[in-house]
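# Coordinate inspection notes
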Amino acid sequence: LLRRATALLQLARWDEARGALDDALEDAKASGDPGVVAEALLAAGVYATDRGDMARAEAFLMDALERFHRDDGRPSLQGRGWAFLNLASLYGKTGRLDLAFVTFTKAQDVLGAAEDWAGVAAAWEAQAQLRRAIGDEDRWREDLAEAVVFYDREGMTEKAERLRKLLGRKLV
């Protein structure tokens, strides 16, 4: 159900995505598995952010983060990192810039500890987008270059090349 909801989110089929997420949350809670519940809350937080319901998104993401902290296994560590990444983006969208940048750093650190290089790259890329939005031209380029390094490390060549073009340089 979570995969279906995510696919529907990508297709901007909001009502169907909401229904799939509601079903996923219900099933996750019924399962009693804290990791599954945390994943469903993370997905619900992403959905709420995409729909502009920032208060609800933050509540879902904070709940997911707290649940991911209950276990120290790699899936929980990875979930923690993605929760931090989504919270950082939310903080940027709501103008809490200091909190956003601190939380991006936390996401990068936690995803790095989980060896989720695509996640580390996504955190650097999202941070770069925020820096560009606030007019920090020099630092957005530095952050984007960091994203390229991690996308390359993960073997995500197309994504790295797309970002290289944004930087206007062939080699990063």
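Residues numbered from 1 in each chain as written. Predicted model: local features only at pLDDT ≥ 70, side-chain atom pairs only at ≥ 80, totals over all residues. Heavy atoms only, no water.

## Section: the environment of Met 62
Residue position: Met 62 is located in helix α4 (residues 54-68). Separated by 85 residues in the primary sequence, Met 62 and Ala 147 place their C-alpha atoms 25 Å from one another. Apart from the residues lying within four places of it in its own chain, the contact partners of Met 62 are Leu 87 and Tyr 91. (Helix = DSSP H or I, 4+ residues; strand = E, 2+ residues; numbered from the N terminus. Contact = heavy atoms within 4.5 Å.)

## Comments concerning helix α3 (residues 34-50)
Here α3 is 17 residues long and its end C-alpha atoms lie 24 Å apart, about the 24 Å a rise of 1.5 Å per residue gives. Those residues of α3 that fall on the buried side of the exposure criterion are Val 37, Ala 38, Ala 40, Leu 41, Leu 42, Ala 43, Ala 44, Gly 45, Tyr 47, Ala 48 and Thr 49. Immediately beyond the C-terminal end of α3, within one or two residues, lies Gly 52, with a positive phi of roughly 85°. (Expected span 1.5 Å × (residues − 1). Buried < 20%, exposed > 50% of the residue type's maximum accessible area, 1.4 Å probe, protein only.)

## Observations concerning a negative patch on the surface
A contiguous patch of negative charge on the surface is contributed by Glu 137, Asp 138, Glu 142 and Glu 146. Looking at where Glu 146 falls in the secondary structure, it is placed in helix α8 (residues 137-153). Judged by relative accessible area, Glu 146 falls into the partly exposed class, the value being 33%. (Patch = residues over 30% accessible without salt bridge, like charges linked within 9 Å, V, L, I, M, F, W, Y side chains within 5 Å. Areas by Shrake-Rupley, 256 points an atom, 1.4 Å probe, with all protein chains shown as cover. Salt bridge = Lys/Arg side-chain N within 4 Å of Asp/Glu carboxyl O. Lys, Arg positive; Asp, Glu negative; His and termini not counted. Charge placed at Lys NZ, Arg CZ, Asp CG, Glu CD.)

## Re the nonpolar core
Residues Leu 85, Phe 104 and Tyr 151 are the most contacted members of the largest nonpolar core, which totals 49 residues. For this core, the elements supplying multiple residues, two or more each, are α2 (14-31), α3, α4, α5 (74-93), α6 (97-113), α7 (117-133), α8 and α9 (157-167). Here the element with the most residues in this core is α7; it accounts for nine residues. Setting aside its immediate chain neighbours within four residues, Tyr 151 contacts Ala 118, Ala 121, Ala 122, Glu 125, Met 156, Lys 159, Ala 160 and Leu 163. Membership of the second largest hydrophobic core comes to eight residues, among which are Leu 8, Leu 9, Leu 21 and Tyr 47. (Core = buried A, V, L, I, M, F, W, Y, C linked by side-chain atoms within 4.5 Å.)

## Concerning the packing of α5 against α7
How two helices pack is summed up by the angle between their axes together with the distance between the axes. Where α5 contacts α7, the two axes come as close as 10 Å, and the packing angle between them is 5°. By the angle between their directions, the pair α5 and α7 is classed as roughly parallel. Packed against α5, whose contacting residues are Trp 82, Leu 85, Ser 89 and Gly 92, the element α7 presents Gly 119, Ala 122, Ala 123, Ala 126 and Leu 130 at the interface. By residue class, the composition of the contact of α5 with α7 is six nonpolar, three polar and no charged. (Axes fitted to C-alpha atoms, helices over the stretch in contact; angles between N-to-C directions. Parallel < 35°, antiparallel > 145°, perpendicular 65-115°, else oblique. Nonpolar A, V, L, I, M, F, W, Y, C, P; charged D, E, K, R; others polar.)

## Considerations on unusual backbone geometry
You will see that Ala 12, though not glycine, has its phi angle at about 60°, which is positive. If you trace the backbone, Ala 12 turns up in the loop between α1 (2-10) and α2. Assessed through its relative accessible area of 41%, Ala 12 is described here as partly exposed. With phi around 55°, Glu 115 is a residue other than glycine that occupies positive phi space. Looking at the secondary structure, you find Glu 115 in the loop between α6 and α7. Judged by its relative accessible area of 52%, Glu 115 falls in the exposed class.

## Observations regarding the side chain of Ser 76
Following the sequence through the fold, Ser 76 ends up in helix α5. Using a relative accessible area of 9% as the deciding quantity, one classes Ser 76 as buried. Those residues within four positions of Ser 76 in sequence are excluded, and the remaining contacts are Phe 68 and Asp 71.

## Re α1
Since there are 3.6 residues in each turn of an α-helix, residues three or four apart along the chain are aligned in direction. Listed as buried for α1 are Ala 5, Leu 8 and Leu 9. Down the axis of α1, the sector holding all buried residues measures 105°, keeping them to one side. Facing away from the buried side of α1 by more than 90 degrees, the exposed set consists of Arg 3 and Gln 10. Looking at the packing, one finds that the buried side of α1 touches α2 and α3. Following α1 by one or two positions, Ala 12 has its phi on the positive side, about 60°. (Arc of directions from axis to C-beta.)

Function cannot be read off these values alone, since they describe shape.
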